[in-house]
Amino acid sequence: MSNSSKDIDYVLRTVEERDVRFVRLWFTDVLGNIKAFAISPEDLEEAFEEGIGFDGSSVDGFSSILESDMLAFPDASTFQFLPWRPSTNAVARIFCDILTPDRQSFEGDPRACLMRVFRLANDRGFVPNIGPELEFIYSETGAVPVPLDNAGYFDYAPTNSSRELRRDTVLSLERLSIPVEYSYHAMGPSQNGLSLRYSEAVTAADNIMTARFAIKQVAQNYGFYASFMPKPLQGRPGSGMFLQESLFDSDGENVFWGATDTLYHLSDIAHCYIAGLIKYAPEYMLLTNPTVNSYKRLVPGGEAPTFATWGRRNRNALVRVPMHKPGKHQSTRLELRVPDPSANPYHAIAASVLAGLKGIEEGLELPPEYTADLGSSPAELAAAGFERLPRNLGEAIESFRHSTLMREMLGDRTFDFLVAEKSREWDSYNASVTDWEIKKYYGGY
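Residues numbered from 1 in each chain as written. Predicted model: local features only at pLDDT ≥ 70, side-chain atom pairs only at ≥ 80, totals over all residues. Heavy atoms only, no water.

1. Points about the side chain of Ser172
1) Next: By the secondary structure assignment, Ser172 is in helix H4 (residues 162–175).
2) Next: With residues near it in sequence (within four places) discarded, Ser172 still touches Pro83, Trp84 and Val218. (Helix = DSSP H or I, 4+ residues; strand = E, 2+ residues; numbered from the N terminus. Contact = heavy atoms within 4.5 Å.)

Okay, structure coming up:
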């Protein structure tokens, strides 16, 4: 991260002119939770120059007590006012990069991890762009899911209370300079979605973090709760975090566009990128689908992938290629459909982009398209030669544990922390007695 003097001057001048009382410094722990502390405007200039020290040992996955000193350096380009705070004694937020006391990028900082992948792509002449689409549900309470409505896909009615929440959320995000392409009611009860305008990868991850916070904040302002739990309701659709991915070159041209491919309109680079996403999916799914509950969404019969496939129209595919529109070659992109909104977006985006780049580096061949005539049952898909994706958190941990690619991306400290932390989560789940087990077995034994 390197702040330009122009960006810093703009922030310092704006803080002084707009009656800012608190500046909240945001960063993200390894598990994808926003962490923050507030400083006064008078300390902001020093923060840009010297960073703000904090205890990294108290942040999940950051460091041990013996090496706990960390520095948060604000990224001036991410400065924004929080629109739900008053304009007098205003509050602003700014994302930070985490450095060690000797001013080296901290390997365990998720934002730094994505920046490393971004620089790797840039060194190869590519700029990765991501357009995220987030699904979530509104509920009357944060204790148990009690939906506000029973509407379905794109329903629009005066009784749809989710509509007002979405509207205020979109307005808040626009005031935070995060354009929303469209918002909608999704398939499940009180399930909603927001599609964010594409941006370069690091900004896209920042936008996801901000959007998740804004969605929850606006819901709280109305006395409701918003949840990004992947599968909160039994027998109802789960929530995804779909990533629309593309690579541009230094001239601003989309390198996924294939002018000579009259069927798919994809370049050879795009073919290899898709093949990389498919090959390495089992290894990165602990990052895109990091909870026990994540795998309750990834079941046969839903609009979520269960096998490592790609296709144009099938929303059960791991990678979907949106329909090409004539004259819109700059919009050529791929949609990775496996991630869910419980993921750390920095790690999820870094892992998928790295997998795609690895596919390009290895010159991987694109496997056959997954079409309806191949069948839809697990047995039929397996017979067609497609690989089954991890079916639970335990399988995802094992695939991740043996991944050299993910270890190199994350570094030993973060990699080992995630394996240990997620193994504890999986063991705890397996030791729990569920309501389903009581109903199924208690009276018969």
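Having seen the structure, we can now continue with the description.
2. Here's the deal with the domain arrangement of the protein chain
Often, the extent of an interface is quoted as the loss of accessible area on bringing the components together.
1) Next: When the domains of the protein chain are assigned, the result is domain 1 (5–105) and domain 2 (115–436).
2) Next: With 23 residues of domain 1 in contact, the opposing surface of domain 2 contributes 22 residues.
3) Next: In total, domain 1 and domain 2 occlude about 1800 Å² of area from one another, counting both sides; carbon and sulfur atoms represent 64% of this.
4) Next: The largest contributions to the domain 1 side of the interface with domain 2 come from Val30, Leu31 and Trp84, which together make up 32% of the buried area.
5) Next: Summed over the shared surface of domain 1 and domain 2, the result is 0 salt bridges.
6) Next: Linking domain 1 with domain 2 are 5 residue pairs in polar contact (both at pLDDT 80 or more), by the criterion used here.
7) Next: With 3 residues, the single largest contributor to the side of domain 1 that touches domain 2 is strand S6 (residues 90–99). (Domains from an automatic or database assignment. Buried area = accessible area lost by both parts, 1.4 Å probe. Salt bridge = Lys/Arg side-chain N within 4 Å of Asp/Glu carboxyl O. Polar contact = N/O pair within 3.5 Å; in protein donor to acceptor, adjacent residues only side chain to side chain.)

3. A closer look at a nonpolar patch on the surface
1) Next: A cluster of nonpolar side chains, Val433, Ile438 and Tyr442, forms an exposed patch at the surface whose accessible area comes to about 360 Å².
2) Next: Mapped onto the fold, Val433 is located in the loop between helix H13 (412–430) and helix H14 (435–441). (Patch = residues over 30% accessible without salt bridge, like charges linked within 9 Å, V, L, I, M, F, W, Y side chains within 5 Å. Areas by Shrake-Rupley, 256 points an atom, 1.4 Å probe, with all protein chains shown as cover.)

4. Remarks on the packing of helix H7 (residues 281–288) against helix H11 (residues 393–401)
1) Next: Orientation of H7 relative to H11, taken along the N-to-C sense of each, is 120°, at an axis distance of 7 Å. Taken together, the axes of H7 and H11 lie oblique to each other. Relative to H11, H7 is oriented so that their crossing is left-handed. Taken together, the residues of H11 that come into contact with H7 (itself represented by Pro282, Glu283, Leu286 and Leu287) are Leu393, Ala396, Ile397, Ser399 and Phe400.
2) Next: Its residues assigned to classes, the contact of H7 with H11 shows 7 nonpolar, 1 polar and 1 charged. (Axes fitted to C-alpha atoms, helices over the stretch in contact; angles between N-to-C directions. Parallel < 35°, antiparallel > 145°, perpendicular 65-115°, else oblique. Left-handed = near helix turned anticlockwise from the far one by under 90°. Nonpolar A, V, L, I, M, F, W, Y, C, P; charged D, E, K, R; others polar.)

5. Things to note about the packing of helix H3 (residues 110–123) against helix H5 (residues 201–221)
1) Next: Two numbers describe how H3 lies on H5: the axes approach to 9 Å, and their chain directions differ by 155°. What the angle tells us is that H3 and H5 run roughly antiparallel. Counted together, Arg111, Leu114, Met115 and Phe118 of H3 and Ala201, Val202, Ala205 and Asp206 of H5 form the full contact between these two elements.
2) Next: A per-class count over the contact of H3 with H5 returns 6 nonpolar, no polar and 2 charged.

6. Quick notes on the pattern of salt bridges
1) Next: Enumeration over the complete set of coordinates arrives at 20 salt bridges.
2) Next: The partner of Asp206 in a salt bridge is Arg111, and the shortest N-O contact between them spans 2.8 Å. Of this pair, Asp206 sits in helix H5 while Arg111 sits in helix H3, and the two are 95 residues apart along the sequence. Each of the two residues, Asp206 as well as Arg111, counts as buried.
3) Next: Linked through salt bridges whose partners overlap, the residues forming this network are Asp75, Asp97, Arg111 and Asp206. (Buried < 20%, exposed > 50% of the residue type's maximum accessible area, 1.4 Å probe, protein only.)

7. Quick word on the nonpolar core
1) Next: One finds Tyr284, Leu318, Ile349, Met406 and Met409 to be the most contacted residues of the largest nonpolar core, which totals 119 residues.
2) Next: Counting 5 residues, the second-largest nonpolar core is a separate cluster that includes Phe307, Ala317, Leu381 and Phe386. (Core = buried A, V, L, I, M, F, W, Y, C linked by side-chain atoms within 4.5 Å.)

8. Some remarks on a negative patch on the surface
1) Next: Taken together, the side chains of Asp9, Glu42, Asp43, Glu45, Glu46, Glu49 and Glu50 make up a negatively charged region of the molecular surface.
2) Next: Sorting elements by how many residues they give to the negative patch places helix H2 (residues 44–50) first, with 4 residues.
3) Next: Within the secondary structure layout, Glu42 lies in the loop between strand S2 (34–39) and H2.
4) Next: Of the residues examined, Glu42 reaches a relative accessible area of 64% and is grouped as exposed. (Lys, Arg positive; Asp, Glu negative; His and termini not counted. Charge placed at Lys NZ, Arg CZ, Asp CG, Glu CD.)

9. Brief notes about the state of the cysteines
1) Next: Applying the stated rule across the entire model yields 0 disulfides.
2) Next: The thiol of Cys96 is unpaired, and the distance to the nearest cysteine sulfur, on Cys113, comes to 18 Å.
3) Next: By relative accessible area, which is 1% here, Cys96 ends up buried. (Disulfide = S-S within 2.5 Å.)

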